[in-house]
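Each chain is listed here by its residues.
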Amino acid sequence: MEAFAALLDTLVYTRSRNAKIAALARYLRDTPDPDRGYALAALSDGLDFTAVKGSTIRALMRERVDPELWTLSRDYVGDSAETASLLWPEPEQVLGPPPTVAQAVDALAAMTRTTVATELPALLDRLDAEGRYALLKLATGAMRIGISARLAKTAFAQAFDVAIEDVEEHWHGQSPPYTALFDWAAHGAAPPDTENLPLFRPFMLAHAFEADDLDLDAYVAEWKWDGIRVQAVHAPGESGTGESRLYSRSGDDISASFPEIPASLDVPCVLDGELLVRGEAQGGKEGGAASFNALQQRLGRKTVSKKMLREAPAFVRLYDVLQIDGVDLRPLPWAQRREALESLLHRLDPERFDLSRLIDVPGFAELAALRENARDAAIEGVMLKRRDSPYVAGRKTGLWYKWKRDPLLIDCVLMYAQRGSGKRSSFYSDFTFGCWDGDPDGEGQLLPVGKAYFGFTDAELKDLDRHVRQHTVNRFGPVRETDKSLVFEVAFDSVHASARHKSGLAMRFPRIHRIRTDKPAHEADRIESLRALIRD
Amino acid sequence: MSENPDLKGTSARAFHCDLVARAFSWIRPEPWGIHVVPADCWIDPARAVDRALVTHGHADHARGGHGQTFATPETLAIIKLRYATSDGAVPVAYHETITLPGGVKATWIPAGHVLGSAQILLEHAGERILVTGDFKRRPDPTCPPFEVTPCDVFITEATFGLPVFRHPPTQHEIAKLTDALAAEPERCVLVGAYALGKAQRVIAELRAAGHAQTIWLHGALEKMCRLYEDFGVDLGPLSLVSDAPSKDAMEGHVVLAPPSALNDRWSRRLPDPLTAMASGWMRVRQRARQRGVELPLIISDHADWDELTRTVTEVAPRETWITHGREEAMLRWCELHQKKARALALVGYEDEGGDD
């Protein structure tokens, strides 16, 4: 438990992602089974112990600490578990060695609402303040220290020097303490057997296309639809009655947000496609898909209303197929997988699944011309896939390319800046910029339209940092307001109507494209120019 | 910074002013300091007065501009360094008793807070009143330890007057620092520490733990370190960051800076610094995170909760008056232990981010 408590504190205090990964990897390497598996579960998904709730901790403390002192302390610290860990009365004598993570997990899992009042204190009495904090966080499942599933898997891969794609593939369907997974990664055992489960398979990803020609005999072109990449999976499941799942690109199960997709899939297969909402913004009537903005309204919801299902029905536009009826198609060339996908289509619900059309052009020049027009069709760009390429996890050079349409550009004025984190903590590196609302030479005001923290070089960052410090007119905590004299050329992929922003606009992927020290602020763009680019 | 002073000392625990008027009428707490009426002296006043009795050199206790300043020689040296004046300075050694106008006797007794820090014992009309200034109970290699002194009224600070504040053993925190150095020898550990007291204590504790390497200093810390050395506190090899031949020279070393420099441009000249901070506030995770601290070191020059309550018990005064800090919890503790107490609502003492 001490090592886990130390890890937890390191993760709490460390800002840099790489340093967090390194700390977690070190822990996973140095800690024996099953502690490391439970720790991993606690940090990424959380472990659920039904007998221990926030109220349990408060009740325990009421018996030990004056309620007024508890309230004063709790209000100051702002976190019940931490307050309790600090206020817990140290036992008069040592009551045994601290429990291991596994012992703590076993004990917590065995507690009931009646036994928790004696058994949880028995554990707390064997720990120091840091250990008590770790135990209470573990018990209540409220880590909140910014460890995503992706970060946990990256650390796991780094710890045992295995490919992250393999980790993703084998992770799914395993449960804490993941002994089979550690046996495979740390001890070279065979990977866990998961054939009949509706598991996630790592995606094949594309590189950005940067050349100016490509042989279209070797590559096929396809639209890059603007939704989110998903994997729809159906398998017999443990019961054999059939289970379906929908996974996001990072492997998160998003079935609950889009229940209509898994509900309509009953063929054992693994499908790769773009999740979209019905509409006409992308590719017009023929394209049949609404803008990304429409899809976004449905993302991240735990439950979906009937109204949403009716008004923004989702479907998957299929790019590829990885498995049909238990047969792994990934080693086959793209052309054969495409054939298999086309012949599978009649077994799928046409309301929920359609096929991503190939772009039929005689040559590269024609393709380039088509891509130029992609913006009007609100499509993200073009995909280029090698006809003879197998489906391989991750980003392998030369197989798939994404050729995004050129970004949109607009001139904005720097309004506010905030310090970055980690290596950038001494730099003002997060910039909020605005466009003119009204006549910049008259009564016009700048209205914030977006925020960007990349797109510039390290040398440019130094200049920007200096500019912010020399042109500060106001400070609000960590934020500085500048005199609004510097113009940025901001690049972005698209802009959408948004009720969440004061400007009524939300930009996608804004980045600082150029620093226009040559341009006076009043020549920056007006908000109407940005508004005119909405294609919702 | 400071809460509304009018709201302090709630009615439930209202102090019976008539009683005080009879019992300890010769001493009057005012919002800007403690007035010793018969001597017309003020203890740690927040404004310029004719005659000031000063407990220690932190800026919120020792201000310039008084007609006369009574303090230990160390504290007077610190005041001279900070305000470039020794006009009206009257040195009083530890345990020396002086007689003030009106027949009030005053004695400076070690408080264990920083170099030169003292409690001031006042005796008049058969009554003993002790003002702690800031104090701590655990050992500090840079100053003599706090002495428990019996008195009728104990006027104490309560900076860390919440039961969550329990400072771990200093050696434990110093080990955290040296372990971090050893774990990543290509980095340095940048420790934020207040210029007076904390910086020198961290250095002295590192030396006591056997750390003999050069410690690099931010320029703002240099003079105070030299002053400590002049008073016989051995701080070992120190160098200024501005004199470092290269970044590499500081790899694997401790660098000390005032807290304000931690995330400032100044830190860019250091080799990939791990940001640490030595302060009692580091006990609370969120406080450390807010300051961007990656390695919190819970090292404080103030008494923690256990020290505060233990001290009130040991001194066993008839009354405890609380000058500043988290007095609600201390009042509650006194109430639970049937000890008479009141909050004074003094203004101007730093609660947060001050010299702790």
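The shown structure was predicted, so the numbers you read here are calculated from the model rather than taken from an experiment.

## Points about the confidence of the model for chain B
Residues and elements named next belong to chain B. When the pLDDT values of chain B are averaged, the result is 90; 91% of them are 70 or greater. Predicted confidence is poor over residues 1–21, with pLDDT under 50, and the contacts of this stretch with residues over four places away or in other chains come to 23 contacts. The low-confidence segment residues 351–356, where pLDDT is below 50, has 25 contacts with residues more than four positions distant or belonging to other chains.

## Regarding the domain arrangement of chain B
Buried accessible area, meaning the area lost when the parts come together, often serves as the stated size of an interface. Residues and elements named next belong to chain B. Split by domain assignment, chain B resolves into domain 1 (5–164 + 302–343) and domain 2 (170–297). Centre-to-centre, using C-alpha coordinates, domain 1 lies 30 Å away from domain 2. Contacts between the two partners involve 20 residues from domain 1 and, on the opposite side, 17 residues from domain 2. Between domain 1 and domain 2, roughly 1500 Å² of surface is buried when both sides are summed, and carbon and sulfur atoms account for 76% of that area. Counting the contacts that link domain 1 with domain 2 gives one salt bridge. D140 is the salt-bridge partner of R201, the closest N and O atoms lying 3.9 Å from each other. Inspection of the domain 1/domain 2 interface yields two residue pairs in polar contact (both at pLDDT 80 or more). Classifying every residue of the side of domain 1 that touches domain 2 gives ten nonpolar, four polar and six charged.

## Brief notes about the interface of chain A and chain B
Listed as interface residues are 26 residues of chain A and, on the opposing side, 31 residues of chain B. For the pair chain A and chain B, the two sides together bury roughly 2700 Å², of which 52% comes from carbon and sulfur. Interface area lost by chain A to chain B is led by A:Y13, A:Y76 and A:L86, which between them contribute 29%. Where chain A touches chain B, the interface holds seven salt bridges. Residue assignment for the side of chain A that touches chain B shows that the elements contributing at least two residues are α1 (2–13), α5 (67–77), α6 (80–87), α9 (129–140) and α19 (458–470) of chain A.

## Some words on the sheet that holds strand β15 (residues 254–257) of chain B
All names here are of chain B. One open sheet holds the six strands; their spatial order is β14-β13-β15-β12-β16-β17, and the pairing between them is parallel. Whereas interior strands pair on both sides, the edge strands pair on one side only; in this sheet they are β14 (238–240) and β17 (295–297). On average, each strand axis in the sheet is tilted by 30° relative to the strand beside it, whichever way the strands run. Examined bridge by bridge, strand β12 (residues 189–192) and β15 share four bridges and lie parallel to one another. Each bridged residue has a counterpart across the sheet, and for V189 the counterpart in β15 is V254. Helix α5 (residues 219–230) contacts β13 (215–217), β14 and β15 of the sheet and is inclined by roughly 150° relative to β14.

Analysis parameters
- Residues numbered from 1 in each chain as written.
- Chains lettered and ligands numbered in written order.
- Predicted model: local features only at pLDDT ≥ 70, side-chain atom pairs only at ≥ 80, totals over all residues.
- Heavy atoms only, no water.
- pLDDT = per-residue confidence, 0-100.
- Contact = heavy atoms within 4.5 Å.
- Domains from an automatic or database assignment.
- Buried area = accessible area lost by both parts, 1.4 Å probe.
- Salt bridge = Lys/Arg side-chain N within 4 Å of Asp/Glu carboxyl O.
- Polar contact = N/O pair within 3.5 Å; in protein donor to acceptor, adjacent residues only side chain to side chain.
- Nonpolar A, V, L, I, M, F, W, Y, C, P; charged D, E, K, R; others polar.
- Helix = DSSP H or I, 4+ residues; strand = E, 2+ residues; numbered from the N terminus.
- Pairing = 2+ DSSP bridges.
- Axes fitted to C-alpha atoms, helices over the stretch in contact; angles between N-to-C directions.

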